[in-house]
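Analysis of the macromolecular model
Each chain, written out:
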Amino acid sequence: MKKTENPGILNINSTLYKTRLSPKFINRKPYKPSNPKAITSFIPGTVLDILVEEGQFVRKDENLVILDAMKMQNIMKCNIDGTIRKIHVKRGDKVSKGTILLELE
């Protein structure tokens, strides 16, 4: 059995290391920072209520959506000041984790 080598350079804290890289490491999904203007569900659940309208100005920590998950009501809050550009869900929608609920301008 032939041992395959995947030599590569690994950067850790600005120090470069020459090492063998696994196929899993080579094919990994690169890190992508989250969009602060997209409000996403952090847990699967059902949209109970939408407390804002498109075009409405909202401030940081203002309540946006009530999400029912595992018999608990979770209130989604705004993380930045902005205007509601688009509402992607309606009352009664079942959403999975990571679903975009609202977009801010």
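Quick note: structure is the one above.
As a starting point, this report considers the structure included with it. Values in this document were obtained by computation on a predicted structure and should not be read as measured data.

1. Considerations on the overall build of the chain
- A count of helices and strands for the chain gives one helix and 10 strands.
- In the chain, the order of α-helices and β-strands from amino to carboxyl end is β-β-α-β-β-β-β-β-β-β-β.
- Computed over C-alpha atoms, the radius of gyration of the chain comes to 21 Å, more than 25% over the 13 Å expected from 2.2 N^0.38 for 105 residues, which places it beyond the range of a compact globule.
- Principal-axis analysis of the C-alpha atoms gives the chain an extent of 60 × 30 × 20 Å.
- By the burial criterion, 29% of the 105 residues in the chain qualify as buried.
- Sequence separation of at least 24 residues holds for 47% of the intrachain contacts in the chain that already meet a minimum separation of 6.
- Approximately 8,200 Å² of the chain is accessible, and the part contributed by carbon and sulfur atoms is 53%.

2. A short note on the sheet that holds strand 9 (residues 94–95)
- Taking strand neighbours across the sheet as the criterion, the four strands line up as 7-6-4-9 in an open arrangement whose pairing is antiparallel. Every interior strand has two partners, whereas the edge strands, strand 7 (72–77) and strand 9, have only one.
- Two strands pair when backbone bridges link them, and strand 6 (residues 63–69) and strand 7 are joined in this way by six bridges, in the antiparallel orientation. Across the sheet, the residue bridging to aspartate 68 is glutamine 73, located in strand 7.

3. Here we look at the environment of leucine 51
- Checked against the element boundaries, leucine 51 lands in the loop between strand 4 (45–50) and strand 5 (57–58).
- A C-alpha to C-alpha distance of 9.5 Å links leucine 51 and glutamate 62, two positions 11 residues apart in sequence.
- With residues near it in sequence (within four places) discarded, leucine 51 still touches Gln56, Asn63, Leu64, Val65 and Ile66.

4. Notes on the pairing of strand 10 (residues 100–104)
- Counting buried positions along strand 10 gives four out of five residues, so the element sits mostly inside the fold.
- Bridging between strand 3 (residues 38–40) and strand 10 involves three bridges; their strand directions are antiparallel. What sits directly across from threonine 40, in strand 10, is isoleucine 100.

5. Notes on the sheet that holds strand 8 (residues 82–87)
- What the four strands build is an open sheet, ordered 3-10-8-5; its pairing is antiparallel. The outermost strands of the open sheet, each flanked by one partner alone, are strand 3 and strand 5.
- Pairing of strand 5 with strand 8, which is carried by two bridges, proceeds in the antiparallel orientation. Paired with valine 58 across the two strands is glycine 82, which belongs to strand 8.

6. As for the packing of aromatic side chains
- This structure, assessed with the given rule, holds zero aromatic pairs.
- For the cation-ring pair, arginine 28 lies above phenylalanine 25, with the distance from its terminal atom to the ring centre recorded as 3.9 Å.

Criteria and cut-off values
- Residues numbered from 1 in each chain as written.
- Predicted model: local features only at pLDDT ≥ 70, side-chain atom pairs only at ≥ 80, totals over all residues.
- Heavy atoms only, no water.
- Helix = DSSP H or I, 4+ residues; strand = E, 2+ residues; numbered from the N terminus.
- Rg over C-alpha atoms; globule rule 2.2 N^0.38 Å.
- Buried < 20%, exposed > 50% of the residue type's maximum accessible area, 1.4 Å probe, protein only.
- Contact = heavy atoms within 4.5 Å.
- Areas by Shrake-Rupley, 256 points an atom, 1.4 Å probe, with all protein chains shown as cover.
- Pairing = 2+ DSSP bridges.
- Phe/Tyr/Trp six-rings, centres within 6.5 Å; stacked < 30°, edge-to-face > 60°.
- Lys NZ or Arg CZ within 6 Å of the ring centre and 35° of its normal.

Shape descriptors only; they carry no functional weight alone.
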